Amino acid sequence: SAMAQKSKTTHGARHSYKSSAVNWVKVDQKGEEPLGRSGATATLDQAKKQLYIYGGLTQNGFMDDLWILDTETWVWSKCVASGGKQRGWHTTSLVNGNLLVFGGQYEKDPEGNGECDDDSTVLLQDLMMYDFETGVWFPAFATGDIPCARSGHTATVIDNNKLVVFGGLKDDGSYINDVHVLDTTMYNWSKPEIKGARMKPRAYHAATLVGSKIIFFGGIGKCNWAFKEIYSLDTKTWKWTEHSSMVQGECPSVRVGQAATLLPDGKTIMVHGGHDPDDSNQCYGDAHQLD
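Report follows, based on the coordinates. (Residues numbered from 1 in each chain as written. Predicted model: local features only at pLDDT ≥ 70, side-chain atom pairs only at ≥ 80, totals over all residues. Heavy atoms only, no water.)

Take the environment of leucine 100 next. Secondary-structure assignment places leucine 100 in strand β8 (residues 98-102). C-alpha of leucine 100 to C-alpha of methionine 129: the two residues are 29 residues apart in sequence and 4.6 Å apart in space. With residues near it in sequence (within four places) discarded, leucine 100 still touches Thr91, Thr92, Ser93, Val95, Leu127, Met128, Met129, Ala140, Leu182, Thr184 and Tyr187. (Helix = DSSP H or I, 4+ residues; strand = E, 2+ residues; numbered from the N terminus. Contact = heavy atoms within 4.5 Å.)

Here it is as structure tokens:
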């Protein structure tokens, strides 16, 4: 997509928002395409220029299919994948050439109508790895302080071999703001000693790694309260910092389920889409840049 910035910007702030006019170009996709879905993951392999789509909720219920989109030829291909589990609102991370899936939710008694009943929804705590050579999902057994079952959390890869899991929704309906780190060299979970005022418990937020800091935006919490503050978590010191008072420009409206991507300049985050926290049918198509 090509982007043209509007003239409305604010200078002199440590951080600033810019409303972005985005020219979306419809890609001529080739091959069998996956069903439309929500709660799926899209994981980029920059070295191979491939995008991995896994799971999510379709009109046929929760899925466990794995698809590859070649971002140079725009050809879809479906992976041979056995041993997976149907799920949505999980995380999928590329670590050392393997896909790692953690958590999410599935329907205990699926009826194939694509609807989700809270009473039949089960949250997951498992950690699964996909081996591209054999085409098999298998449990990645880990020791240590294992995170509880959750969905709507985020998982961010740091130092090429660690996974930082934050927040999400627990099976009792409560939101959490805990931080867990998985070291994939030993497959051991730990809880770092956190400094600073913690970000409020939330789920369905966005987390983007910029340098050694994870930048958090959006999400929803207790009493359906939606957030638009900007926080960072320094993965060197494990200190939380709120940046909201230092951010100028036009802030995006409160939203849930948006995408946030670091642009090639390594310092600008593009926030796109999401939906109104009070009306999931009210989806957004706007884009904003955070410097």
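There is more to say, and it comes next.
Along the chain, aspartate 45 falls in strand β3 (residues 41-45). Although aspartate 45 is buried, it forms no salt bridge, and the closest oppositely charged side chain is lysine 48 at an N-O distance of 4.5 Å. Here alanine 47 takes part through its backbone nitrogen, which lies 3.2 Å from a polar atom of the side chain of aspartate 45. A distance of 3.2 Å separates a polar atom in the side chain of aspartate 45 from a polar atom in the side chain of tyrosine 52. When residues no more than four places from it in sequence are discounted, the contact partners of aspartate 45 are Gln50, Tyr52 and Leu94. (Buried < 20%, exposed > 50% of the residue type's maximum accessible area, 1.4 Å probe, protein only. Lys, Arg positive; Asp, Glu negative; His and termini not counted. Salt bridge = Lys/Arg side-chain N within 4 Å of Asp/Glu carboxyl O. Polar contact = N/O pair within 3.5 Å; in protein donor to acceptor, adjacent residues only side chain to side chain.)

Attention now goes to the pattern of salt bridges. With the rule as written, the count across this model stands at six salt bridges. Arginine 37 is paired through a salt bridge with aspartate 65; the nearest N and O atoms lie 2.8 Å apart. With arginine 37 in the loop between β2 (15-23) and β3 and aspartate 65 in strand β5 (residues 61-70), this pair connects stretches of sequence that are 28 residues apart. Classification of arginine 37 as partly exposed rests on a relative accessible area of 21%. As a salt-bridge pair, aspartate 178 and arginine 150 come within 2.8 Å of each other at their nearest N and O atoms. One end of the pair, aspartate 178, is in strand β16 (residues 175-183); the other, arginine 150, is in the loop between β13 (143-144) and β14 (154-158), with 28 residues separating them in the sequence. Look at aspartate 178 and you get buried, because its relative accessible area is 15%. Salt bridges sharing partners connect three or more residues here, namely Lys85, Arg87 and Asp126.

Here the focus is the sheet that holds β16. An order of β13-β17-β16-β15-β14 is seen for the five strands of this open sheet, with the pairing classed as mixed. Whereas interior strands pair on both sides, the edge strands pair on one side only; in this sheet they are β13 and β14. Of the pairings in the sheet, the one linking β16 to strand β17 (residues 188-190) comprises three bridges and is antiparallel in character. Its bridge partner lying in β17, valine 181 is registered against serine 190. (Pairing = 2+ DSSP bridges.)

Turning to the pairing of strand β4 (residues 50-58), a few remarks are in order. Counting buried residues along β4, eight of its nine residues qualify, which places the element largely inside the surrounding structure. As paired elements, β3 and β4 share five bridges and run antiparallel to each other. Residue pairing across strands places leucine 44 opposite leucine 51, the latter belonging to β4. Linking β3 to β4, which pair antiparallel, is a turn of four residues; within it lysine 49 sits at a positive phi near 55°. Where β4 meets β5, eight bridges bridge the pair, whose relative direction is antiparallel. Residue pairing for β5: isoleucine 53 is matched across the bridge by tryptophan 67. As consecutive antiparallel partners, β4 and β5 are separated by two residues.

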